[in-house]
Amino acid sequence: MHRLRSTLARARAELELARTDGDPLPVDRLLGDLREALDLLGRVEAAAFQIVAVLVLDDDERLAELTARGLRRLGYEAESASRMRALRPREVVVLDLGLSASLDADQLVALRAARPIVVTGASDPASRALADDLGASDYLVKPVELEELAAAIKRRTST
């Protein structure tokens, strides 16, 4: 909360200074402050209301969105993507194992730190070993029922 208040106060001060000095508004800085404030607000809401953010990563965009939509219906703040992006703190990652081959070294490090829930159509030992290498918190074989995925998310967030 303190960081949120500080960020908003900084944005207000920038606006007030620009108005009194007659200087043009520092739009880029203000937008950055607002983005930070909204991110901080999201963290506060997640903590206060125990909202779980989930990122569904799958090379099949349609399947990723269907999964995210189903998770949203169950009360999760779920987003789908076909490419890795910067992860938010405490965000749960649901990863189609086939997507891991397209990740660079930095993305793999971030993914390992996130301890993803791996979903895949493969049940062979090599796939399981790859999931273990990624630090997977769970390994689910497709087709995955939404309730089964929700249970894996609950297990992941309870640790």
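Since the model is a prediction, treat every value here as computed from it, not as a measurement. (Residues numbered from 1 in each chain as written. Predicted model: local features only at pLDDT ≥ 70, side-chain atom pairs only at ≥ 80, totals over all residues. Heavy atoms only, no water.)

Scanning the chain from N- to C-terminus turns up six helices and five strands. Going from the N terminus to the C terminus, the chain shows its helices and strands as α-α-β-α-β-β-α-β-α-β-α. For 159 residues, the compact-globule formula gives about 15 Å, and the C-alpha radius of gyration of the chain, at 19 Å, lies well above that figure. Its C-alpha atoms give the chain principal-axis dimensions of roughly 65 × 30 × 30 Å. Counting all 159 residues of the chain, 35% fall into the buried class. Intrachain contacts of the chain at a sequence separation of at least 6 include 50% that bridge at least 24 residues. Total accessible area on the chain stands at roughly 9,700 Å², and carbon and sulfur atoms take up 54% of it. Within the chain, the 27 negative side-chain charges are centred at a point lying 5 Å from the centre of the 23 positive side-chain charges. (Helix = DSSP H or I, 4+ residues; strand = E, 2+ residues; numbered from the N terminus. Rg over C-alpha atoms; globule rule 2.2 N^0.38 Å. Buried < 20%, exposed > 50% of the residue type's maximum accessible area, 1.4 Å probe, protein only. Contact = heavy atoms within 4.5 Å. Areas by Shrake-Rupley, 256 points an atom, 1.4 Å probe, with all protein chains shown as cover. Lys, Arg positive; Asp, Glu negative; His and termini not counted. Charge placed at Lys NZ, Arg CZ, Asp CG, Glu CD.)

Counting buried positions along strand β3 (residues 92-96) gives five out of five residues, so the element sits mostly inside the fold. Across the two faces of β3 the burial is the same, with V92, V94 and D96 and V93 and L95 all buried. Inspection of the sheet shows strand β1 (residues 53-57) paired to β3 by four bridges, in the parallel sense. Each bridged residue has a counterpart across the sheet, and for L55 the counterpart in β3 is V93. Inspection of the sheet shows β3 paired to strand β4 (residues 117-120) by three bridges, in the parallel sense. Among the inter-strand pairings, V94 is bridged to a residue of β4, identified as I117. For the crossover that starts at β3, traverses helix α4 (residues 105-114) and ends in the parallel β4, the hand is right-handed. (Pairing = 2+ DSSP bridges. Right-handed = clockwise from strand over helix to strand, strands pointing away.)

The subject of this paragraph is the sheet that holds strand β2 (residues 77-81). Pairing between sheet strands relies on hydrogen bonds along the backbone, with the strands arranged either parallel or antiparallel. The five strands are arranged β2-β1-β3-β4-β5 in an open sheet whose pairing can be described as parallel. Two strands bound the open sheet, and with one partner strand each, they are β2 and β5 (138-141). Pairwise comparison of adjacent strand axes, ignoring direction, gives a mean angle of 20° for this sheet. Where helix α3 (residues 61-73) meets the sheet, it contacts β1 and β2, and its direction lies at approximately 180° from that of β2. Contacting β1, β3, β4 and β5, helix α6 (residues 146-157) runs over the sheet at an angle of about 175° to β5. (Axes fitted to C-alpha atoms, helices over the stretch in contact; angles between N-to-C directions.)

Reported here for the second largest pocket is a volume of approximately 280 Å³. Listing elements by their share of the lining of the second largest pocket, those giving two or more residues are β1, α3, β3 and α6. By residue number, the principal contributor to the lining of the second largest pocket is α3, which donates six residues. Considering only residue class, the lining of the second largest pocket consists of 12 nonpolar, two polar and four charged. (1 Å grid on protein atoms, 1.4 Å probe; cavity = no way out; pocket = protein on both sides within 12 Å on 5 of 7 lines; lining within 4 Å. Points joined across faces, edges and corners; volume = space filled by probe spheres on them. Nonpolar A, V, L, I, M, F, W, Y, C, P; charged D, E, K, R; others polar.)

A few words on helix α1 (residues 2-21). The first and last C-alpha atoms of α1 sit 28 Å apart over 20 residues, in line with the 28 Å expected at 1.5 Å per residue. Taken residue by residue, α1 has L4, T7, A11, E14 and A18 as its buried positions. Looking straight down α1, one finds its buried side chains confined to an arc of 95°; they lie on one side. Opposite the buried face of α1, by more than 90 degrees, sit the exposed residues H2, R5, R12, L17, R19, T20 and D21. Phi turns positive, to about 75°, at G22, one or two residues after α1. (Expected span 1.5 Å × (residues − 1). Arc of directions from axis to C-beta.)

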